[in-house]
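Residues per chain are reported as follows:
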Amino acid sequence: MLDRYGRDIRYLRISVTDRCNYRCRYCMPGDGVALCSHQDILSFEEITAIADAAVSLGITKIRLTGGEPLVRRGITDLCRMLKAIPNLSELSMTTNGSLLSDKAKELKAAGLDRLNISLDTLDPGKFQQITRVGTLSDVFAGIDAAEAAGFLRTKLNVVLIGGFNDDEILDFVALTEKRSLSVRFIELMPIGVCQSWPKERFVSTDALLKAVPALVPERTDGVATEYRVPGFAGTVGLISPLSHAFCDRCNRIRLTADGRLKPCLHAKDEIFLRGLSGDALLETMQKAIYCKPAAHRMDALHPSSAGRNMFEIGG
Ligand code: SAM
Ligand code: SF4
């Protein structure tokens, strides 16, 4: 459906949990987090009912995220339930990949169409440093398992962090030489724990283009601009919410694990959907979508107005 600015809203991102087995420094505080209690988290039936209503309003793509979606018990059952919704054209997931080696096959069998795997460094020591607890080889095992299970067009999400991984840009681009992966560099957003980080941490994707002059623009894919080094099997996507805000073409809405619809990632507005059904659910969602804000006002010096951490919203 169209919002009041004429954007066609087709993409729903569902956070299935605020729990995570990692503690990435830009996403989660290190000293413990207040998590939702189990009864506050939507059941699979509630998620499916909201997704079903969203599809009837024009949503065609759903992405599962979190927290870490693969720590939610029974996640493959949820994939199966969502995949059964008529007129849903794509079901995908964003994951840190650490648990994928065991789960890739069953996720594929349950109908999951595509995966985005987050990976901010190719160095095992730096990986442990940024995730606080993670092991890089687990993620590579997950990427291989995804490929073996038949997942195509897998994307690797790299959050660009000045002074941390901006020296690895060429190594990430080199990954696309032989593998038909899309490596997607995302500008670090000042939200939650990292909103007080020094501005040097916030690197523009323009700096990346300068560092890799061989990249040739290919197409726009949603909020990403896709580039390729001529002759390479894979592509490099740039997602630039700060330097080149894409609000005018944003077609996304989000559902938090505790049942709140967020028309914009970077706005405080949340509409509680739990307990609604039938026409009341549809009308509430319709109103929320229609009122999606025009744009965010975030930049490296002005933090997001989300009022929540990324692990609570799902990114
Ligand atoms: N746990 C899963 C994962 O890491 O892929 C899914 C949830 S995570 C919140 C979704 C995405 O948001 C990840 O790619 C993560 O790197 C990204 N993210 C988290 N905090 C961010 C921030 N401050 N700026 C930009 N991206 C961020
Ligand atoms: Fe967990 Fe993903 Fe946040 Fe890292 S980015 S702490 S993996 S939710």
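As a reminder, the structure under discussion sits directly above these lines.
Source: prediction; values computed, not measured.

**Focus: the site of ligand 2**
For step 1, the next point in the chain: Taken together, Cys20, Tyr22, Cys24, Cys27, Met28, Gly67 and Asn96 are the residues near ligand 2.
For step 2, the next point in the chain: Looking at the shell around ligand 2, its residues break down into 5 nonpolar, 2 polar and no charged.

**Topic: the sheet that holds strand S2 (residues 61-65)**
For step 1, the next point in the chain: Spatial ordering of the open sheet is given by S7-S8-S9-S6-S5-S4-S3-S2-S1-S10-S11-S12, a layout of 12 strands whose pairing is mixed. The open sheet has two free edges, formed respectively by strand S7 (216-221) and strand S12 (271-272), since each of these has just one partner strand.
For step 2, the next point in the chain: Two elements, S7 and strand S8 (residues 224-228), share 5 bridges in a ladder whose sense is antiparallel. Paired with aspartate 221 across the bridge in S8 is alanine 224.
For step 3, the next point in the chain: Packed on one face of the sheet, helix H1 (residues 44-56) meets strand S1 (11-15), S2 and strand S10 (252-255) and runs near 170° to S1.

**Digging into unusual backbone geometry**
For step 1, the next point in the chain: At asparagine 87, a residue that is not glycine, the phi angle is positive and equals roughly 75°.
For step 2, the next point in the chain: Considering the arrangement of structural elements, one finds asparagine 87 in the loop between helix H2 (75-83) and strand S3 (90-95).

**Looking at the site of ligand 1**
For step 1, the next point in the chain: In the neighbourhood of ligand 1, 18 residues make up the surrounding shell, with Tyr26, Gly67, Glu68, Ser118 and Met189 lying closest.
For step 2, the next point in the chain: For ligand 1, an oxygen atom lies 3.0 Å from a polar atom in the side chain of tyrosine 26.
For step 3, the next point in the chain: Measuring from a nitrogen atom of ligand 1, one finds a backbone N or O atom of methionine 189 at 2.9 Å.
For step 4, the next point in the chain: Considering ligand 1 on its own, with 540 Å² of exposed area, one finds that the protein chains cover 95% of that surface.
For step 5, the next point in the chain: The set of elements that each furnish at least two residues to the shell around ligand 1 consists of S3 and strand S5 (155-160).
For step 6, the next point in the chain: Residues of the shell around ligand 1, tallied by class, amount to 7 nonpolar, 9 polar and 2 charged.

**Things to note about H1**
For step 1, the next point in the chain: The end-to-end C-alpha distance of H1 is 18 Å, a good match for the 18 Å that 13 residues give at a rise of 1.5 Å each.
For step 2, the next point in the chain: Within H1 the residues assigned to the buried category are Phe44, Ile47, Thr48, Ile50, Ala51, Ala53, Ala54 and Val55.
For step 3, the next point in the chain: In this structure, the buried side of H1 is in contact with S1, S2, H2, S10 and helix H8 (278-290).
For step 4, the next point in the chain: Just downstream of H1, glycine 58 is the residue with a positive phi angle, here 120°.

**Concerning the side chain of threonine 256**
For step 1, the next point in the chain: Looking at the secondary structure, you find threonine 256 in the loop between S10 and strand S11 (260-262).
For step 2, the next point in the chain: Looking at threonine 256, the relative accessible area reads 0%, which means it is buried.

**Concerning the packing of helix H3 (residues 100-109) against helix H5 (residues 136-148)**
For step 1, the next point in the chain: Running from amino to carboxyl end, H3 crosses H5 at an angle of 20°, the nearest separation of the two axes being 8 Å. The orientation of H3 with respect to H5, classified from their angle, is roughly parallel. The handedness of the crossing between H3 and H5 comes out as right-handed. Residues Leu100, Ser101 and Ala104 of H3 pack against Ala141, Gly142, Ala145 and Ala146 of H5.
For step 2, the next point in the chain: Its residues assigned to classes, the contact of H3 with H5 shows 5 nonpolar, 2 polar and no charged.

**Some points on the packing of aromatic side chains**
For step 1, the next point in the chain: Counted according to the given criterion, the structure contains 2 aromatic pairs.
For step 2, the next point in the chain: Between tyrosine 22 and phenylalanine 127 the ring centres are 5.8 Å apart and the planes differ by 75°, which places this aromatic pair in the edge-to-face class. Linking tyrosine 22 in the loop between S1 and H1 with phenylalanine 127 in helix H4 (residues 124-131), this pair joins segments that are 105 residues apart in sequence. Here the two residues tyrosine 22 and phenylalanine 127 agree in accessibility, since each one is buried.
For step 3, the next point in the chain: With a centroid separation of 6.0 Å and 90° between ring planes, the pair formed by phenylalanine 172 and phenylalanine 185 is classed as edge-to-face. Of this pair, phenylalanine 172 sits in helix H6 (residues 169-174) while phenylalanine 185 sits in strand S6 (residues 182-187), and the two are 13 residues apart along the sequence. Each member of the pair, phenylalanine 172 as well as phenylalanine 185, carries the same accessibility label: buried.
For step 4, the next point in the chain: Geometry around tyrosine 11 places lysine 61 over its ring, the cationic atom sitting 4.8 Å from the centre.
For step 5, the next point in the chain: Its guanidinium or amino end placed over the ring of tryptophan 197, arginine 201 lies 5.9 Å from that ring's centre, counting from NZ or CZ.

**Some details on H4**
For step 1, the next point in the chain: What H4 keeps buried is the set Lys126, Phe127, Ile130 and Thr131. Projected down its long axis, H4 shows its buried positions confined to an angular sector of 120°, all on one face.
For step 2, the next point in the chain: If you check the start of H4, you find a side-chain oxygen 2.9 Å away from the backbone N of glycine 125, and it comes from aspartate 123.
For step 3, the next point in the chain: Just beyond H4, the residue with positive phi is arginine 132, at close to 70°.

**Concerning the pattern of salt bridges**
For step 1, the next point in the chain: Within this structure, the stated rule accounts for 19 salt bridges.
For step 2, the next point in the chain: The salt bridge involving aspartate 8 is made with arginine 10; its shortest N-O contact spans 2.8 Å.
For step 3, the next point in the chain: Taking relative accessible area as the criterion, aspartate 8 reaches 31% and is therefore assigned partly exposed.
For step 4, the next point in the chain: Overall, arginine 10 belongs to the partly exposed group, its relative accessible area being 36%.
For step 5, the next point in the chain: Between lysine 155 and aspartate 221 there is a salt bridge, with the nearest N and O atoms lying 3.0 Å from each other. Taken as a pair, lysine 155 in strand S5 and aspartate 221 in strand S7 lie far apart in primary sequence, 66 residues in all.

How each quantity is defined
- Residues numbered from 1 in each chain as written.
- Chains lettered and ligands numbered in written order.
- Predicted model: local features only at pLDDT ≥ 70, side-chain atom pairs only at ≥ 80, totals over all residues.
- Heavy atoms only, no water.
- Near = heavy atom within 4 Å.
- Nonpolar A, V, L, I, M, F, W, Y, C, P; charged D, E, K, R; others polar.
- Pairing = 2+ DSSP bridges.
- Helix = DSSP H or I, 4+ residues; strand = E, 2+ residues; numbered from the N terminus.
- Contact = heavy atoms within 4.5 Å.
- Axes fitted to C-alpha atoms, helices over the stretch in contact; angles between N-to-C directions.
- Polar contact = N/O pair within 3.5 Å; in protein donor to acceptor, adjacent residues only side chain to side chain.
- Areas by Shrake-Rupley, 256 points an atom, 1.4 Å probe, with all protein chains shown as cover.
- Expected span 1.5 Å × (residues − 1).
- Buried < 20%, exposed > 50% of the residue type's maximum accessible area, 1.4 Å probe, protein only.
- Parallel < 35°, antiparallel > 145°, perpendicular 65-115°, else oblique.
- Left-handed = near helix turned anticlockwise from the far one by under 90°.
- Phe/Tyr/Trp six-rings, centres within 6.5 Å; stacked < 30°, edge-to-face > 60°.
- Lys NZ or Arg CZ within 6 Å of the ring centre and 35° of its normal.
- Arc of directions from axis to C-beta.
- Salt bridge = Lys/Arg side-chain N within 4 Å of Asp/Glu carboxyl O.

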